[in-house]
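# Close look at the chain arrangement
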Amino acid sequence: MKNDNVKSFTVLVAICVVVAALMGIVNVITAPIIEKIEAQKVQDAMLVVLPTGQNFTKLDVEVVNDSVQEIYTEANGGYVFKISATGYASGMVIMCGINADGVVTGATCIASSETLEKEKTYGQSFVGKDSDSVGSVDTVTGATLTTSAYKEAIITALDTYELLTESEAQND
């Protein structure tokens, strides 16, 4: 009986080792592909939210707000912000473009676990808004948590834009 238990345990451990090794190999093969796809997704989203943008460059700055994941600048003085938000579920990632005049040129959700999918079209509501007028955008009834989090992400982008442009003005 004891030999049967040892044999079963050994077979189980061997199976686990083989499966773990296979998963590791698959990860090594697919990780660069996934990274490339994600980078292209971000690049495409930048052109959606800032259509006139050229020569995007990722900034290496420390941000005061933890929800700002990445900041990109472009040749015409605009910025693109990649922001994480939590609405109904966590993991919503929003890209927001702001031109050199401080006006939102576009916003799109590139990742989400939300249930009603209101985040897919809600970004259009912010086009043409600045920090003074963004408050006038209404949340969507039935998707209040999602749209409220989305709106907060846009406000965060505008606030961060103002901090960056104030900092640049002081350095000039």
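One can find the structure itself at the top, above this paragraph.
The structure reproduced in this document is the subject of the present report. The model shown is predicted, which means the values in this text are computed figures rather than measured ones.

## Thoughts on the overall build of the protein chain
Tallying secondary structure elements over the protein chain gives 3 helices and 5 strands in all. Relative to the globule expectation of 16 Å for 172 residues, the C-alpha radius of gyration of the protein chain, 22 Å, shows a markedly less compact shape. The principal-axis extents of the C-alpha atoms in the protein chain amount to approximately 75 × 40 × 25 Å. In the protein chain, which comprises 172 residues, the proportion classed as buried is 34%. Taking all contacts inside the protein chain whose residues are at least 6 apart in sequence as the whole, residues at least 24 apart take part in 47%.

## Some points on the pairing of strand β4 (residues 92-98)
On any regular strand, side chains alternate: one points to one face of the sheet, the next to the other face. Within β4, 7 of the 7 residues are buried, leaving the element largely enclosed by the surrounding structure. Inspection of the sheet shows strand β3 (residues 79-85) paired to β4 by 7 bridges, in the antiparallel sense. In the strand pairing of β4, I83 is matched with I94. Taken together, β3 and the strand that follows it, β4, pair antiparallel across an intervening segment of 6 residues, in which G91 is found at a positive phi of about 95°. Where β4 and strand β5 (residues 104-111) come together, 6 bridges link them in antiparallel fashion.

## Regarding the sheet that holds strand β2 (residues 68-73)
As summarised here, the arrangement of the 5 strands in space is β1-β2-β3-β4-β5, forming an open sheet in which the pairing is antiparallel. Every interior strand has two partners, whereas the edge strands, β1 (57-58) and β5, have only one. Lying on the sheet, helix α1 (residues 2-49) is in contact with β2, β3, β4 and β5; it crosses β5 at an angle near 150°.

## Observations concerning the side chain of T108
Secondary-structure assignment places T108 in strand β5. Ignoring anything within four residues of it in the chain, the contact list for T108 reads A45, V48, V49, V93, I94, M95 and Y150.

## Observations concerning the packing of aromatic side chains
Taken as a whole and judged by the stated rule, the model has 5 aromatic pairs. Judged by centre distance (5.2 Å) and plane angle (90°), the rings of Y122 and F126 are edge-to-face. Residue Y122 is classed as buried on the basis of its relative accessible area, which comes to 4%.

## Re the side chain of E74
By the secondary structure assignment, E74 is in the loop between β2 and β3. No salt bridge is formed by the buried E74. Its closest oppositely charged neighbour is K58, at 18 Å. Within the structure, E74 has its side chain in polar contact with the backbone nitrogen of G78 (distance 2.8 Å).

## A word on the pattern of salt bridges
Counted under the stated rule, the structure contains 2 salt bridges. Notably, a salt bridge pairs K58 with E70, separated by 3.5 Å at the nearest N-O pair. Of this pair, K58 sits in strand β1 while E70 sits in strand β2, and the two are 12 residues apart along the sequence. Given the relative accessible area of 17%, E70 is considered buried. In this structure, E70 and K82 form a salt bridge, with 3.9 Å as the shortest nitrogen-oxygen distance. Note that E70 is positioned in strand β2 and K82 in strand β3, a separation of 12 residues in sequence. Across the pair, exposure class does not vary: E70 and K82 are buried alike.

## What about the environment of T105?
Residue placement: T105 occurs in strand β5. What makes T105 partly exposed here is its relative accessible area of 22%. Separated by 25 residues in sequence, T105 and D130 have C-alpha atoms that sit 9.6 Å apart. For T105, the contacting residues outside a window of four places in its chain are V49, L50, P51, G97, I98, N99 and V127.

How each quantity is defined
- Residues numbered from 1 in each chain as written.
- Predicted model: local features only at pLDDT ≥ 70, side-chain atom pairs only at ≥ 80, totals over all residues.
- Heavy atoms only, no water.
- Helix = DSSP H or I, 4+ residues; strand = E, 2+ residues; numbered from the N terminus.
- Rg over C-alpha atoms; globule rule 2.2 N^0.38 Å.
- Buried < 20%, exposed > 50% of the residue type's maximum accessible area, 1.4 Å probe, protein only.
- Contact = heavy atoms within 4.5 Å.
- Pairing = 2+ DSSP bridges.
- Axes fitted to C-alpha atoms, helices over the stretch in contact; angles between N-to-C directions.
- Phe/Tyr/Trp six-rings, centres within 6.5 Å; stacked < 30°, edge-to-face > 60°.
- Lys, Arg positive; Asp, Glu negative; His and termini not counted.
- Salt bridge = Lys/Arg side-chain N within 4 Å of Asp/Glu carboxyl O.
- Polar contact = N/O pair within 3.5 Å; in protein donor to acceptor, adjacent residues only side chain to side chain.

The quantities given are spatial measurements derived from coordinates; they are silent on function.
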